[in-house]
Amino acid sequence: MSIQYKTLTQDEKDDVIVSFLHQQEIDHYCHSINKERYEKLLSDNKLPEGTFKENIQNLMKELESRITEVERIIENTKSQLPSQERIESAIVRMNEKNKELTRKS
């Protein structure tokens, strides 16, 4: 079933997809930071065997899987993105909305 949007503007569509990609990139970045942290913990020879180390090892496995998922999502989102010019316009609008929210709070 294909729906024709009657109220959604092109700018709104662009904002949605660009915002989605932005959130995925944030997600990937946070996972990358955690991965670096976990690798550092696990490479520490002073880290004793036990529950904490096992938890970190399990988190690392989950994290690696999640990073792969996010990378696939990002890769498959690229074909849905508007032109670079429209991406840049959407980013400007997103930044303006964020500034407005910051001023209100």
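Just above sits the structure.
**Quick look at helix 1 (residues 10-43)**
Between its first and last C-alpha atoms helix 1 spans 49 Å; for 34 residues at 1.5 Å apiece the expected length is 50 Å, and the two agree. Turning to helix 1, its buried residues number three or more, namely Asp14, Asp15, Ile17, Val18, Leu21, Gln24, His28, His31 and Tyr38. Of the surrounding secondary structure, the elements contacted by the buried residues of helix 1 are helix 2 (51-77) and helix 3 (84-104).

**Considering the side chain of Asp15**
When you line up the elements, Asp15 lands in helix 1. By relative accessible area, which is 11% here, Asp15 ends up buried. Here Asp15 is in contact with Ala90, Arg93 and Lys97, once residues within four sequence places are set aside.

**Brief notes about a nonpolar patch on the surface**
A cluster of nonpolar side chains, namely Ile3, Tyr5 and Leu8, defines an oily patch on the protein surface of about 320 Å² accessible area. As for its position among the elements, Ile3 is in the segment before helix 1.

Basis of the calculations
- Residues numbered from 1 in each chain as written.
- Predicted model: local features only at pLDDT ≥ 70, side-chain atom pairs only at ≥ 80, totals over all residues.
- Heavy atoms only, no water.
- Helix = DSSP H or I, 4+ residues; strand = E, 2+ residues; numbered from the N terminus.
- Expected span 1.5 Å × (residues − 1).
- Buried < 20%, exposed > 50% of the residue type's maximum accessible area, 1.4 Å probe, protein only.
- Contact = heavy atoms within 4.5 Å.
- Patch = residues over 30% accessible without salt bridge, like charges linked within 9 Å, V, L, I, M, F, W, Y side chains within 5 Å.
- Areas by Shrake-Rupley, 256 points an atom, 1.4 Å probe, with all protein chains shown as cover.
- Salt bridge = Lys/Arg side-chain N within 4 Å of Asp/Glu carboxyl O.

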